[in-house]
Structure formats: structure tokens, C-alpha cells
Amino acid sequence: MDSRRDRRYFTKKKVCRFCTEPIEIDYKNVDLMSRFITDRKKIVPRRNSGLCAHHQRQLSSAIKRTRFMALLPYTVLH
Amino acid sequence: MAVTPNYYETLYITRPDIQEEDLAKIQQKLQDSISAHQGEIIKADKWAERGLAYEIQDYKRGIYYILVFKALPSACAEIEKHLSFYNTDILRFITIKTTEEAVNKEKAAQEKAAEEAANKEKAAQEKATEKAEAEKAEAQKAESAKEPAVEFAAEVEVVEETPEADKEEPAVEFTAEVEVVEEAPEADKEEPAVEFTAEVEVIEETPEADKEEPAVEFTAEVEVAEKDPEADKEEPETPQQAESAEEEASEVTEEEGETK
Ligand SMILES: [Zn+2]
């Protein structure tokens, strides 16, 4: 079922990066966090990040910590 | 139920122009409150000095300090109390509960990195000595053998290598080049045999220069990201990785579809 839909719309099924790779989600890892924010500094939604529920939740709270510590901006409208 | 000590990690930002004695006073208070609650400091370091993503109290830069400690939860509260008391010096702070494994893992990673750095230095020194010896040997060779073909190959090497700033035997190549000028000024530069030798030698040497990178690539990425948060050069790698993962995934799904 899924495969048919994938083929029709040329979308590819993503596998959660943090499930497959031994990378820890750490809010101090600014480089890693900045890969999961958009141009407008929003957190990339799960449909685009391809993360599983557990890791998306971990990531989103980590990004919020990163923002709080002024390592990443909340918005582009400063 | 008895309260057991936990592992905590505190990151705090001081203003960039903080007085040393003020910082020392604050850090002393933190240490006191940790030791007063059956705790011990595992790590107390300056993490980074960097520009803030947005201004805090009109400061555009800040100095980040990290404090990893093991103590009772009450120590945590006291630390936060101290940090918020000095709110003119401390711009932000955050305390996060970590685990013993995470702390040990980071410790091990740091030790490993230090060891690797030391090894690299050693290897570089050894290489340098080897090169010096090789240079001597080849200089002697160059003196004894004076075939134009070989010398021309050497000349081509010089041309190809200089942009990459390879350190391999510059002295030898230079002498060889000079000899060519002296002995074979009319040497044809398009002899197939000569070209071939030149190519082979270049091919042999380039992989040596690049050998070390691919193996380390992945770990290097993570390390760099952790230690040097301001370096954004590694980003292009992610889409590639993601793509390859995607491709694999799509292959799998297609196969499944066909079997069904
Ligand atoms: Zn996951």
C-alpha cells in the first residue's frame, strides 16, 4: 500500500536518523541542531525530518534548550 | 525513601566583560553548594566564547561555562538560586539531569580524542623524519642516475603537486628540474612513455594524501560539531547521507510491493 503511494508521488520513505546512526541528541551540539531548523528558524516538522516520534520529541525539546541558551535564534525577526 | 545523588550538567553564560574575581566568587559558591550536598564536581570548564543568537541584556557575546557534577537534588536548587542571584553577571543558565553513562561516555570520548591528537603528532613527526631520509636517499640517486625520461617525470610531478602544497621531496624535484634544464633543453614534452610514468606516479601519491579522510569522516563530523559549534562546513554531508538512506528505503519498499 505504502509502496504504491510512494511510487506514485515519488516520495521516499525515510528512516529515523537517530535510530539508525549512533548520534546523541545534545542541545549543546549546535551544528546538529541547526540541521533541523528551517530558514525561518522553525523546528523542522516530523514529515520532513523523517524522525520517529521518540526522537522528534527529544530533538524538539533539545532545540528549545539550544534556543534558550542563545545558541540558536527563536526567529529571524529580531 | 532515601534520596540518592544524581548527575547534573549546568551550562551558564556570563557577560563577556565579567571581572575575574566575580567569576571566581560565583564559581566558589557553586562548588560550596555542591560539596555541601554530598556532591563532587566532575567537570568545570569554559565551554566557549561566542556570539549570542540574540541579544540578552544588550550583550551580543557571552562566555559559556559548563559544570558537570554529581550531587543530591537539593544542590541543584541551590545552584540555580546562586546563578539567578547574580543575574547581572550570569545571562542565562540551564541545568539538565544526565546519567552516569553519558558522563562516562563523554569522558572516554575526550580521552580518546586527546590520545588521537597525541598519536597524530607522533605520526607526523615520524613521517617528517622518514621524508627527510627519503629525500637524502633520492638526492643521492638523482646525482648518480641522469636519464632525461626520469627527470621529465619528476618535472611533471612538480607542476601537478605544487598547487596542493604537498611536502613530499621538494628538494629532490627541484634538483631534477634543474638538471632537465641543463641537459635536455629540447626534450619533447609529449613522449607517451614519459607521460605514462608521470601519471602512474601521480596516481600513487594522491591516494596517500586522501587515505586517512574517509575512515575518520563520520567520527570527525561528530567531534567537530561538538567542539566547534561555530563551524558550519559539514552541512553538505547530511543531504547525501539522507539521500542514500532514502534510496535504500525506497528499494526495500519497491521490492516489498512487487512481492505482494
Ligand atoms: Zn528514532
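As shown above, the structure is provided for reference.
Residues numbered from 1 in each chain as written. Chains lettered and ligands numbered in written order. Predicted model: local features only at pLDDT ≥ 70, side-chain atom pairs only at ≥ 80, totals over all residues. Heavy atoms only, no water.

1. Points about the pattern of salt bridges
Enumeration according to the criterion identifies 10 salt bridges over all chains in this entry. A:Glu21 is the partner of A:Arg17 in a salt bridge, and the nearest nitrogen-oxygen pair spans 3.6 Å. With a shortest N-O distance of 2.7 Å, B:Glu9 and A:Lys28 are connected by a salt bridge. A residue pair is termed interchain when its members come from two chains, as with B:Glu9 in strand β1 (residues 6–14) and A:Lys28 in the loop between α2 (17–20) and α3 (30–33). Comparing B:Glu9 with A:Lys28, the two get one shared label, buried. (Salt bridge = Lys/Arg side-chain N within 4 Å of Asp/Glu carboxyl O. Helix = DSSP H or I, 4+ residues; strand = E, 2+ residues; numbered from the N terminus. Buried < 20%, exposed > 50% of the residue type's maximum accessible area, 1.4 Å probe, protein only.)

2. Focus on the coordination of the zinc ion
Under ideal tetrahedral coordination, the four donors around a metal are separated by 109.5 degrees; under ideal octahedral coordination, the six donors are separated by 90 or 180 degrees. Residue and element names in this part refer to chain A. Every protein donor of the zinc ion is accounted for by Cys16 (SG), Cys19 (SG), Cys52 (SG) and His55 (ND1), and the metal-donor separations fall at 1.9 to 2.3 Å. Coordination at the zinc ion comes from 4 donor atoms whose angles at the metal span 104 to 114 degrees, giving a geometry best classed as tetrahedral. All donor residues of the zinc ion come from one chain, and their arrangement in sequence is C-x2-C-x32-C-x2-H. With Cys16 in the loop between α1 (2–9) and α2 and Cys52 in the loop between α4 (46–49) and α5 (53–68), this pair connects stretches of sequence that are 36 residues apart. Among the residues examined, Cys16 registers a relative accessible area of 6% and is labelled buried. (Donors = N, O, S within 2.8 Å, 3.2 Å for Na, K, Ca; no water. Tetrahedral: all angles 85-135°; square planar, octahedral: opposite > 155°, others 65-115°.)

3. Describing unusual backbone geometry
The backbone of A:Ala70 shows a phi angle near 60 degrees, a positive value even though the residue is not glycine. Mapping A:Ala70 onto the fold places it in the segment after α5. Residues other than glycine seldom take positive phi values, yet B:Gln57 does so here, at roughly 50 degrees. By relative accessible area, which is 43% here, B:Gln57 ends up partly exposed.

4. Observations concerning the nonpolar core
A:Phe18, A:Met33, A:Leu59, A:Met69, B:Leu11 and B:Tyr64 are the most contacted members of the largest nonpolar core, which totals 33 residues. Every element with two or more residues in this core is listed here: α3 and α5 of chain A together with β1, β2 (40–56), β3 (59–71) and β4 (90–98) of chain B. At 5 residues, the largest contribution of residues to this core is made by β2(B). Those residues within four positions of B:Tyr64 in sequence are excluded, and the remaining contacts are A:Met69, A:Ala70, A:Leu71, B:Leu11, B:Tyr12, B:Ile13, B:Asp45, B:Lys46, B:Trp47, B:Ala48, B:Arg50 and B:Leu52. (Core = buried A, V, L, I, M, F, W, Y, C linked by side-chain atoms within 4.5 Å. Contact = heavy atoms within 4.5 Å.)

5. Considerations on the pairing of β2(B)
All names here are of chain B. Both β2 and β3 contribute to a ladder of 11 bridges, which runs antiparallel. Bridge pairing links Ala48 to Tyr64 in β3. Counting the residues that bridge the hairpin from β2 to β3 gives 2 residues, and of these Gln57 lies at a positive phi of roughly 50 degrees. (Pairing = 2+ DSSP bridges.)

6. Quick look at the side chain of A:Arg67
By the element assignment, A:Arg67 lies in helix α5. For the buried A:Arg67, no salt bridge exists, and the shortest N-O distance to an oppositely charged side chain is 12 Å, to A:Asp39. (Lys, Arg positive; Asp, Glu negative; His and termini not counted.)

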